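The residues making up each chain are set out below.
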Amino acid sequence: MTKSEALFKEAVTYIPGGVNSPVRAFGSIGSTPRFIKKADMVLIWDEDDQEYIDFIGSWGPMILGHNHPAVFDAVVDYAKRGLSYGAATKIEVEMAKLVCSMVPSIEMVRMVNSGTEAVMSAIRTARGYTRRDKIIKFTGCYHGHSDGLLVKAGSGVMTAGVPDSLGVPAGCTQDTLSAEYNNLDSVRMHFQRCPEEIAAVIVEPVAANMGTVLPEDGFLQGLRELCTKYGALLIFDEVITGFRLQADGAQGYFGVTPDLTTYGKIIGAGMPVGAYGGRREIMEVVSPCGGVYQAGTLSGNPVAMAAGIAQLSILKSHPDYYVKLNQKADRFFESIKEMLKERGLPYQVNHIASLGSIFFTDQKVRDYDSAKTSDTKAYADYCNYMIQHGIYLAPAQFEAMFISMAHLPDQLCHTLDLMQAYFERK
Ligand code: PMP
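From a predicted model like this one, the values you see are computed outputs, not experimental measurements.

J.: With reference to specific residues and values, describe the overall build of the chain.
T.: Within the chain one finds 14 helices and 14 strands. Projected onto its principal axes, the C-alpha positions of the chain cover 55 × 55 × 50 Å. Counting all 426 residues of the chain, 48% fall into the buried class. Residue pairs in contact within the chain that sit at least 24 positions apart in sequence constitute 71% of those at least 6 positions apart.

What follows is the structure, given as structure tokens:
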């Protein structure tokens, strides 16, 4: 038995499912989670001393790689001053100014502790600002685990919210309307049905939680127009895309301006941070300025702020890093496409900037239904092979692969060689 297997056996006795977040259980690939003990740049090591090239990067935040010296030094420096005061600090002001300077649509920003909190708070803000209750979300987009957003749209675009989890009262999701990603008609229908009741449309501008699914031409612009027309707010959930596609995230990349934006882990360089922000007049409804209550003992934690500022400052001052990263990632994903084509394998590779996914289906993947045609057993087989050979991939089909600025050409070539060896067996 490996040390990871032994730890997992013990973990399930004390932690539900043995993990503190479900996808870590490796359930969908039917294997044992690797218990990770350390990371450096793009390498991670498990308790059995197996080394991996990491393509998860803590699910996104490690855009500079693990343990970047500037981030590490900032954390150590701030940790020496005490871990939390529950009081206003200079470094929070610095962080807010930095975010506002990098993302033109953000005039004010509030720090929270996770992406879930950021989205939950942005929705409340949108409701408070518009004095409306309903929201529209897209099937297959994930926005954290708060009650009102755990809605599976299922079959029909007109389906009213049905809770996706036990423990979510139906009342919590009755104002959550589901629409289909890349389908503006499905959004328009909701607006036509209740033109004055919809507070906000929330979208992952690039969906990364049904695997990577790109917005088609005109989709995000169309959402912007519908929201403006009906007086609803457009919320971009940039927990994955923010500071990743480029410094001003997906909104800069696609040239579409949301009213509110939510961020998560990447803003804290891996520390537990989230944030939401937008136009001043909207953000001023948040307590103690306005009547939308939202709070957090550890929000704006100084050590987390120090880590985040160190990472964001580097990203802000080196726009060329994004150019290099995106070119490198583009070559990598295009090579996978080429490899599959040469072998006559009809699988799909969706990618943008440093995010991408392979879907084991012959159908173009553009929404939840097409993503679901992917053969998850085939993904599990591929993923287990790669992990066994030292390539750490998301242990589930409906996730993304993250390339960081620290991935070296040799490491990417080695990964491609292993993929080639795997696909040659097909
Ligand atoms: N929104 C999106 C787009 C996400 O991908 C996630 C999680 N990866 C969340 C929200 C929730 O973030 P967290 O896990 O930090 O609560």
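J.: Which residues make up the sheet that holds strand β9 (residues 260-263), and what values do they have?
T.: Across the sheet, which stays open at both edges, the seven strands sit in the order β4-β10-β9-β8-β7-β5-β6 with mixed pairing between neighbours. Every other strand in the sheet has two partners, leaving β4 (108-112) and β6 (176-179) as the edge strands with one partner each. Strand-to-strand, the axes of this sheet are offset by a mean angle of 20°, without reference to chain direction. Sheet topology note: the strand β5 (residues 134-138)/strand β7 (residues 198-203) ladder contains three bridges and is parallel. The residue of β7 that forms the bridge with Lys-134 is Ile-198. On top of the sheet, helix α3 (residues 90-102) reaches β4 and β10 (274-278); it is set at about 125° to β4, its chief contact.

J.: An account of the UniProt feature "modified residue: N6-(pyridoxal phosphate)lysine" (unreviewed entry) in the chain is requested, with residue identities and associated values reported.
T.: Using the residue numbers shown here, the UniProt feature "modified residue: N6-(pyridoxal phosphate)lysine" (unreviewed entry) corresponds to Lys-265. Along the polypeptide, Lys-265 turns up in the loop between β9 and β10. Among residues more than four places away in sequence, those in contact with Lys-265 are Ser-58, Trp-59, Gly-60, Pro-61, Gly-115, Gly-270 and Val-273.

J.: Describe in detail the pairing of strand β1 (residues 36-40), supporting the description with residues and values.
T.: The pairing of β1 with strand β2 (residues 43-46) spans four bridges and is classified as antiparallel. From the neighbouring strand, Lys-38 faces β2, where its bridge partner is Trp-45. The antiparallel hairpin formed by β1 and β2 contains two residues in its connecting segment, where Met-41 sits at a positive phi of about 50°.

J.: Tell me what's going on with the site of the ligand, and back it up with residues and numbers.
T.: Taken together, 17 residues form the shell around the ligand, and within it Ser-114, Gly-115, Thr-116, Gly-144 and Val-239 come nearest. Per element, the largest residue contribution to the shell around the ligand is three residues, and it comes from helix α4 (residues 115-130).

J.: Please provide a residue-by-residue account of the domain arrangement of the chain, values included.
T.: Quite often, the size of an interface is put as the accessible area lost when its parts meet. Annotation of the chain at the domain level lists domain 1 (3-55 + 319-424) and domain 2 (69-317). Of note, the centres of domain 1 and domain 2, computed from C-alpha atoms alone, are 25 Å apart. With 21 residues of domain 1 in contact, the opposing surface of domain 2 contributes 20 residues. Mapped by element, the contributors of at least two residues to the side of domain 1 that touches domain 2 are α11 (319-342), β11 (348-352), β12 (355-359) and α12 (368-371). Of the residues assigned to the side of domain 1 that touches domain 2, the class counts are twelve nonpolar, six polar and three charged.

J.: Can you break down the packing of helix α2 (residues 69-79) against helix α10 (residues 302-317) residue by residue, with the values?
T.: Here α2 crosses α10 at 155°, and the two axes come no closer than 8 Å. As the angle between them shows, α2 and α10 are arranged roughly antiparallel. In this structure, α2 crosses over α10, and the sense of that crossing is right-handed. Residue-level inspection shows Ala-70, Val-71, Ala-74, Val-75, Asp-77, Tyr-78 and Ala-79 of α2 in contact with α10, the latter providing Pro-302, Val-303, Ala-306, Ala-307, Ile-309, Ala-310, Gln-311 and Ile-314. Residues of the contact of α2 with α10, tallied by class, amount to 13 nonpolar, one polar and one charged.

J.: Now, about unusual backbone geometry: what can you tell me, with residues and values included?
T.: The amide bond that connects Ser-287 to the next residue, Pro-288, takes the cis arrangement and shows omega of 5°. Mapped onto the elements of the fold, Pro-288 is located in the loop between α9 (280-283) and α10. Positive phi outside glycine occurs at Asn-67, with the angle close to 60°.

J.: Got a sec to walk through the confidence of the model for the chain? Specific residues and values, please.
T.: Mean pLDDT over the chain: 95, with 97% of residues reaching 70 or higher. No element of the chain has a lower mean pLDDT than helix α5 (residues 170-173), at 91, and none a higher one than strand β8 (residues 233-237), at 99. Note on residues 153-161: pLDDT under 50 across the span, and 18 contacts to partners over four residues away in sequence or across chains. The ipTM assigned to the predicted complex is 0.99, against a pTM of 0.96.

What counts and what doesn't
- Residues numbered from 1 in each chain as written.
- Predicted model: local features only at pLDDT ≥ 70, side-chain atom pairs only at ≥ 80, totals over all residues.
- Helix = DSSP H or I, 4+ residues; strand = E, 2+ residues; numbered from the N terminus.
- Buried ≥ 20, exposed ≤ 12 C-beta atoms within 10 Å, placed from the backbone.
- Contact = placed C-beta atoms within 7 Å.
- Pairing = 2+ DSSP bridges.
- Axes fitted to C-alpha atoms, helices over the stretch in contact; angles between N-to-C directions.
- UniProt positions renumbered as here; feature names shortened; annotations may be inferred.
- Near = placed C-beta within 6 Å.
- Domains from an automatic or database assignment.
- Nonpolar A, V, L, I, M, F, W, Y, C, P; charged D, E, K, R; others polar.
- Parallel < 35°, antiparallel > 145°, perpendicular 65-115°, else oblique.
- Left-handed = near helix turned anticlockwise from the far one by under 90°.
- pLDDT = per-residue confidence, 0-100.

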